[in-house]
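Reading the structure
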Amino acid sequence: MLYAIFGNDIPDSLQKRLAARPAHLARLQALQDAGRLLLAGPFPTVDAADPGAAGFSGSLIVAEFASLAEAQAWADADPYVAAGVYAQVAIRPFKKVFPA
């Protein structure tokens, strides 16, 4: 089943994000290589594709996991969690409708 993982950043998270980003992206690449990643990306803090020093307010990952518990375990092990980038993480089951 698909699960949506929402990570909400702490204030002024940009430097922590940048430091943990290579490890974070490697885990996402592994999901993609396994054919389990639907989409992933950050939420810019300002209305711009590149927010510069304003940074990001959080992230969204939609990926396939065998269960909510597996999705939670995967999210708990994210480098952004370990680096203190996220203030909180929420996970919800997700049903893809479009594009078909």
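Residues numbered from 1 in each chain as written. Predicted model: local features only at pLDDT ≥ 70, side-chain atom pairs only at ≥ 80, totals over all residues. Heavy atoms only, no water.

What about empty space enclosed by the protein?
Summed over the entire model, instances satisfying the criterion amount to one cavity of 30 Å³ or more. Estimates place the volume of the largest cavity at around 60 Å³. Taken together, Ile5, Phe6, Gly7, Ser59, Ile61, Trp74, Ala75, Asp78, Val81, Tyr86 and Val89 form the lining of the largest cavity. For the lining of the largest cavity, the secondary structure elements donating two or more residues are strand E1 (2–9), strand E3 (56–64), helix H2 (68–76) and strand E4 (86–94). The element contributing the most residues to the lining of the largest cavity is E1, with three residues. Residue composition of the lining of the largest cavity, by class: eight nonpolar, two polar and one charged. (1 Å grid on protein atoms, 1.4 Å probe; cavity = no way out; pocket = protein on both sides within 12 Å on 5 of 7 lines; lining within 4 Å. Points joined across faces, edges and corners; volume = space filled by probe spheres on them. Helix = DSSP H or I, 4+ residues; strand = E, 2+ residues; numbered from the N terminus. Nonpolar A, V, L, I, M, F, W, Y, C, P; charged D, E, K, R; others polar.)

Topic: the pairing of E1
A regular strand carries its side chains on alternate faces of the sheet. Summarising burial for E1: six of the eight residues are buried, a large majority. Here E1 runs beside E3; their pairing, made up of seven bridges, is antiparallel. Among the inter-strand pairings, Ala4 is bridged to a residue of E3, identified as Val62. Of the pairings in the sheet, the one linking E1 to E4 comprises eight bridges and is antiparallel in character. Within E4, the position partnered with Ile5 by the bridge is Ile91. (Buried < 20%, exposed > 50% of the residue type's maximum accessible area, 1.4 Å probe, protein only. Pairing = 2+ DSSP bridges.)

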